[in-house]
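Chain by chain, the residues run as shown.
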Amino acid sequence: AMPHKLHNAIVMQCLDLIDLLRKAPHPRRYSNINEYLKEVESLSPYAFGMLFTGAPNTLIQKMCLELKLIDAVFDAINAPYNFNALTNDFETFPVEFRPAQNFMYVTIQCMLRGNSRCQSYFTDRYSRVWRVNKSK
């Protein structure tokens, strides 16, 4: 199980990065992280992602690319799948990880939004069990 403090730290880091990745960050919807966690559990991934739309900050996107933050978030998203691939256990998935994972999906979306260079880079990412671009 993911420790509660680690889970909250991941979500807070994602929220901070999402804010940086938009030209005009929206005011935070909630002051308490638990409110965000309730919302992510009540919405579809698409609906949750739509809460964080906005014009991209291309400078921050470039920094995410150059500093390999795209890779780090991609690897974090895939960590449970990669772990399960080692044990050949694809039936279990740590459900306590899902809310943090949804925040990481939105973070990746913001890193790629409207930026063809970042999108092209992302298509070359792969993990033990998942490849973004299956034609490569």
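To start, this report covers the structure provided alongside it. (Residues numbered from 1 in each chain as written. Predicted model: local features only at pLDDT ≥ 70, side-chain atom pairs only at ≥ 80, totals over all residues. Heavy atoms only, no water.)

Remark: helix H2 (residues 33-42) packs on helix H6 (residues 98-112), axes separated minimally by 10 Å, with the N-to-C direction vectors making an angle of 85°. Overall, the two elements H2 and H6 adopt an arrangement that is roughly perpendicular. Within the contact between the two elements, H2 uses Tyr36, Leu37, Val40 and Glu41 and H6 uses Pro99, Asn102 and Phe103. Across the contact of H2 with H6, the residue classes break down as five nonpolar, one polar and one charged. (Axes fitted to C-alpha atoms, helices over the stretch in contact; angles between N-to-C directions. Helix = DSSP H or I, 4+ residues; strand = E, 2+ residues; numbered from the N terminus. Parallel < 35°, antiparallel > 145°, perpendicular 65-115°, else oblique. Contact = heavy atoms within 4.5 Å. Nonpolar A, V, L, I, M, F, W, Y, C, P; charged D, E, K, R; others polar.)

Right, let's talk about the side chain of Asn115 for a bit. Note that Asn115 resides in the loop between H6 and helix H7 (116-122). Engagement of the side chain of Asn115 in a polar contact is seen with the side chain of Gln61, the distance being 3.1 Å. Setting aside its immediate chain neighbours within four residues, Asn115 contacts Thr58 and Gln61. (Polar contact = N/O pair within 3.5 Å; in protein donor to acceptor, adjacent residues only side chain to side chain.)

Next up on the list: H2. Of the positions making up H2, those classed as buried are Ile33, Tyr36, Leu37, Glu39 and Val40. End-on view of H2: buried residues confined to an arc of 165°, all on one side of the axis. Facing away from the buried side of H2, by more than 90 degrees, are the exposed residues Lys38, Glu41 and Ser42. N-cap assignment for H2: the residue whose side-chain oxygen lies 2.7 Å from the backbone N of Asn34 is Asn32. (Buried < 20%, exposed > 50% of the residue type's maximum accessible area, 1.4 Å probe, protein only. Arc of directions from axis to C-beta.)

Geometric descriptors of this kind do not, in isolation, establish any biological role.
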